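Analysis of the macromolecular model
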Amino acid sequence: MKLKMAVVVILSCMVANAQSVQPRQLTVQEAHAVLEAYLPDGTKHLPGYELEDFAGYDPARFYFIEVVWDNPGGSVVWGNYAVDKTTGDLWSAVVCEKYSSKRTRVVQQEILKETGLTNKAYKRIKRPGPICE
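Just so it is clear, the structure is predicted and the values come from calculations on it, not from any experiment. (Residues numbered from 1 in each chain as written. Predicted model: local features only at pLDDT ≥ 70, side-chain atom pairs only at ≥ 80, totals over all residues. Heavy atoms only, no water.)

**Thoughts on the pattern of salt bridges**
Side chains carrying opposite charge are able to pair once their charged atoms draw close together. Taken as a whole and assessed by the stated rule, the structure comprises six salt bridges. Here Arg103 and Asp41 are joined by a salt bridge, their closest N and O atoms 3.1 Å apart. Of the two residues, Arg103 sits in helix H3 (residues 102–115) while Asp41 sits in the loop between helix H2 (28–38) and strand S1 (50–54), which places them 62 residues apart along the sequence. Overall, the relative accessible area of 39% leaves Arg103 in the partly exposed class. Here Arg127 ties to Asp84 by a salt bridge, and the two come within 2.8 Å at their closest N and O atoms. With Arg127 in the segment after helix H4 (119–125) and Asp84 in strand S3 (residues 77–84), this pair connects stretches of sequence that are 43 residues apart. Arg127 gets classed as partly exposed once you look at its relative accessible area, which sits at 24%. One continuous salt-bridge network, built from bridges that share partners, spans Asp41, Lys44 and Arg103. (Salt bridge = Lys/Arg side-chain N within 4 Å of Asp/Glu carboxyl O. Helix = DSSP H or I, 4+ residues; strand = E, 2+ residues; numbered from the N terminus. Buried < 20%, exposed > 50% of the residue type's maximum accessible area, 1.4 Å probe, protein only.)

Structure representation (structure tokens):
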């Protein structure tokens, strides 16, 4: 009887510990990978194409990334984006709009496996983009 009770206690502790494990945040490189999976291939071949990180509205929750290129006749900014550091969701950094594509979802799923975020946890913690609140 004491052995059964000890096993139950140990298993209970193991389950509680497994449920309390927090997924790690995405790295800036992973955030760049999410964005690059979304961008059209032609954009990535523009002269001087780069991803530049910038401080946005909520840098604790989002990576803010600007897509720039050497545009001789106008703005060098192609677009401004935000990647949620926990969920990998891709948002506009200018308006309340979430972006997704088949390629983006594939990259996000691969990254979320690496970070340890389960689908159940994702549904619980997903949140609006930086301009949506």
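Right, picking up where we left off after that structure.
**Regarding the layout of surface pockets**
When its volume is computed, the second largest pocket comes out at roughly 190 Å³. Surrounding the second largest pocket, 13 residues form its lining, Asp89, Arg105, Gln108, Gln109 and Tyr122 being those nearest its centre. When contributions to the lining of the second largest pocket are tallied by element, the ones reaching two or more residues are strand S5 (98–99), H3 and H4. With four residues, H3 is the single largest residue contributor to the lining of the second largest pocket. (1 Å grid on protein atoms, 1.4 Å probe; cavity = no way out; pocket = protein on both sides within 12 Å on 5 of 7 lines; lining within 4 Å. Points joined across faces, edges and corners; volume = space filled by probe spheres on them.)

**Some thoughts on the packing of aromatic side chains**
Per the counting criterion, the structure on display carries six aromatic pairs. Relative to Phe64, the ring of Phe62 lies with its centre 6.1 Å away and its plane at 55 degrees, an arrangement referred to as tilted. Each member of the pair, Phe62 together with Phe64, is buried. Chaining the aromatic ring pairs together yields one cluster made of Phe54, Tyr57, Phe62 and Phe64. One Lys or Arg, Lys85, reaches over the ring of Tyr63 and ends 4.7 Å from the middle of that ring. (Phe/Tyr/Trp six-rings, centres within 6.5 Å; stacked < 30°, edge-to-face > 60°. Lys NZ or Arg CZ within 6 Å of the ring centre and 35° of its normal.)

**A word on the nonpolar core**
Nonpolar side chains in soluble globular proteins tend to be buried together. Judged by nonpolar contacts, the single largest core of 17 residues is most densely connected at Leu35, Leu39, Leu51, Val67, Tyr81 and Leu90. The set of elements that each furnish at least two residues to this core consists of H2, strand S2 (62–68), S3 and H3. Among the elements that line this core, the one with the most residues is H2, at four residues. Among all residues touching Leu51, those that are not within four sequence positions of it are His32, Leu35, Glu36, Leu39, Ile65, Glu66 and Val67. (Core = buried A, V, L, I, M, F, W, Y, C linked by side-chain atoms within 4.5 Å. Contact = heavy atoms within 4.5 Å.)

**A closer look at H2**
Listing the buried residues of H2 in full gives Glu30, Ala31, His32, Val34, Leu35 and Ala37. In this structure, the buried residues of H2 make contact with S1, S2, S3, strand S4 (90–92) and H3.

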